[in-house]
Amino acid sequence: MYADCHIHTSFSGDSDTPPREQIEKAISLGMKRICITDHHDYDVVSDIDFNLDFPGYFEELSRLREEYSDRLDICIGVEMGLQSHISGYLEELSEKYPFDYIIGSVHFVDGLDPYYDEYFDTHEGNAYERFFEVTLKRIKKIGCFDSLGHLDYIVRYGKKRGLKFSYGEFAEYIDPILKVLVEKGRALECNTGALARGMDETNPCKKVFLRYKELGGELVTLGSDAHSPETLGICFDMAGDMLRDCGFKYYAVYRGRQAELLRL
């Protein structure tokens, strides 16, 4: 069973799953390694508190890592919300704590989360374009992440608004993002959370991974984006097959911010 490197627990504002439950589920699936990556979206306006309690987080996960050391290799990461105006803060944070792995994600654009209809109401006609433009600016400026999480996060929620998406239609916006990842040596995450939400493909889709590979990309990571045990490791077999079809032989896991390649 592949290692799941995008998992949320009750340390995230949008999950009420105790870390132990996620750990037990991973063991039941036969996983040998996981990375818990709870949310930290700093300086956003939201009904949910996405500020991570870092001291409590490391204390609890370090204790569990020791307790389960003979059954599961538990790494400690974070899903960091990328925003250009807090780039300095994020860089300092990445150096302050001993993260094994940092996912860089874009959840808020122009102060709004595409999870809510308000984003689409405000960006009628350019919702996807704006999201990708902002993502590009942020990953150009911010370097303290290891993998770009769910590159097309917005597609999850645009679908329910009747918006269609294909890589070809938005290639002019996506290709520059992929090129920056390749130039900076950052990984591209294969997020199976979209499949848990009833979508047909991962975030991002197969054609994006084919293009990433064509551009010289070699680092891919796997994550379920599970907020509860039911979706931990979901559709990893399908994701592994897809990545192999794209020409990837390995996926990356991180310890101490260093990539280790495991065979797909």
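Scroll up a little and you will see the structure.
This text gives an overview of the structure that appears in the document. (Residues numbered from 1 in each chain as written. Predicted model: local features only at pLDDT ≥ 70, side-chain atom pairs only at ≥ 80, totals over all residues. Heavy atoms only, no water.)

Observations concerning the sheet that holds strand 4 (residues 101-105)
Our working rule: Strand pairing follows a simple DSSP-based rule, namely that at least 2 bridges must link the two strands. The way it works is that DSSP assigns letters per residue, a run of H or I at least four long becomes a helix, a run of E at least two long becomes a strand, and they are numbered from the N terminus.
On the basis of which strands lie adjacent, the open sheet formed by 7 strands has the order 1-2-3-4-5-6-7 and parallel pairing. Strands at the two margins of the open sheet, each flanked by one partner only, are strand 1 (4-7) and strand 7 (220-223). In this structure, strand 6 (residues 187-191) lies alongside strand 7, joined through 4 bridges in parallel fashion. If you follow glutamate 189 over to strand 7, its bridge partner there is threonine 221.

Describing the packing of aromatic side chains
The test is simple: Geometry of aromatic contacts follows a simple scheme: Phe, Tyr and Trp rings, the Trp one being its six-membered ring, pair when their centres are within 6.5 Å, and the pair is stacked under 30 degrees between planes, edge-to-face over 60, tilted otherwise. Relative accessibility decides the category of a residue: with a 1.4 Å probe and only protein chains considered, values under 20% of the type maximum give buried, values over 50% give exposed, and everything between is partly exposed. Both a distance and an angle decide whether a charge sits over a ring: NZ of Lys or CZ of Arg must be within 6 Å of the ring centre and within 35 degrees of the ring normal.
Taken as a whole and assessed by the stated rule, the structure comprises 24 aromatic pairs. Summarising the aromatic geometry, the rings of tyrosine 101 and tyrosine 254 are spaced 5.2 Å apart at their centres and angled 15° between planes, so their arrangement reads as stacked. With a gap of 153 residues between them, tyrosine 101 in strand 4 and tyrosine 254 in strand 8 (residues 250-255) connect regions that are remote in the sequence. With 5.9 Å between their ring centres and 80° between their planes, phenylalanine 131 and phenylalanine 132 make a pair best called edge-to-face. No difference in accessibility class separates phenylalanine 131 from phenylalanine 132, as the two residues are buried. Here the aromatic residues Tyr115, Tyr116, Tyr128, Phe131, Phe132, Tyr153, Tyr157, Phe165 and Phe170 are joined through ring pairs into a cluster of three or more. The cationic tip of lysine 160 hangs over the ring face of tyrosine 115; the distance from NZ or CZ to the ring centre is 5.7 Å.

Some remarks on the nonpolar core
Stated precisely, the cut-off is as follows: Working definition of a nonpolar core: buried Ala, Val, Leu, Ile, Met, Phe, Trp, Tyr and Cys residues. They are joined through side-chain atoms within 4.5 Å. The contact rule is simple, with two residues in contact once any of their heavy atoms fall within 4.5 Å.
If you look at the biggest cluster of nonpolar residues, it comprises 86 residues, and the most contacted ones within it are Ile34, Phe209, Leu222 and Leu243. Of all the elements, helix 7 (residues 167-184) adds the most residues to this core, at 8 residues. Beyond its immediate chain neighbours, meaning those up to four positions away, isoleucine 34 contacts Asp4, Ile7, Ile23, Ala26, Leu72, Asp73, Ile74 and Cys75.

Remarks on the pattern of salt bridges
To be explicit about the condition: Put simply, a salt bridge is a Lys or Arg side-chain nitrogen that is within 4 Å of an Asp or Glu carboxyl oxygen.
Following the criterion strictly, the structure yields 18 salt bridges and no others. A salt bridge links arginine 161 to aspartate 121; its shortest N-O distance comes to 2.8 Å. With arginine 161 in the loop between helix 6 (155-158) and helix 7 and aspartate 121 in helix 4 (residues 117-122), this pair connects stretches of sequence that are 40 residues apart. In this structure arginine 161 comes out as partly exposed when scored by relative accessible area, which is 35%. In this structure, the salt-bridge partner of aspartate 245 is lysine 206, at a minimum N-O distance of 3.8 Å. Of the two residues, aspartate 245 sits in helix 10 (residues 236-245) while lysine 206 sits in helix 9 (residues 206-214), which places them 39 residues apart along the sequence.

Looking at the packing of helix 7 against helix 9
Packed helices, taken two at a time, are described by the angle between their axes plus the distance between the axes. Defined as follows: Between the N-to-C directions of two axes lies an angle of 0 to 180 degrees, each axis being a line fitted to C-alpha atoms and, for a helix, fitted only over the stretch in contact. Note on angle classes: values under 35 degrees are labelled roughly parallel, values over 145 roughly antiparallel, values of 65 to 115 roughly perpendicular, and the remainder oblique. For any helix crossing, the convention is left-handed if the near helix is rotated counterclockwise from the far helix by under a right angle, and right-handed if that rotation is clockwise. Charged means Asp, Glu, Lys or Arg here, nonpolar means Ala, Val, Leu, Ile, Met, Phe, Trp, Tyr, Cys or Pro, and polar covers whatever is left, Gly included.
Direction vectors running N to C along helix 7 and helix 9 enclose 45°, while the axes themselves pass 10 Å from each other. Between helix 7 and helix 9, the crossing angle belongs to the class labelled oblique. Every pair of crossing elements has a handedness; the one defined by helix 7 and helix 9 is right-handed. Seen from helix 7, the contacting residues are Tyr167, Ile174, Asp175, Leu178, Leu181 and Val182; seen from helix 9, they are Lys207, Val208, Arg211 and Tyr212. In the contact of helix 7 with helix 9, the residues fall into 7 nonpolar, no polar and 3 charged.

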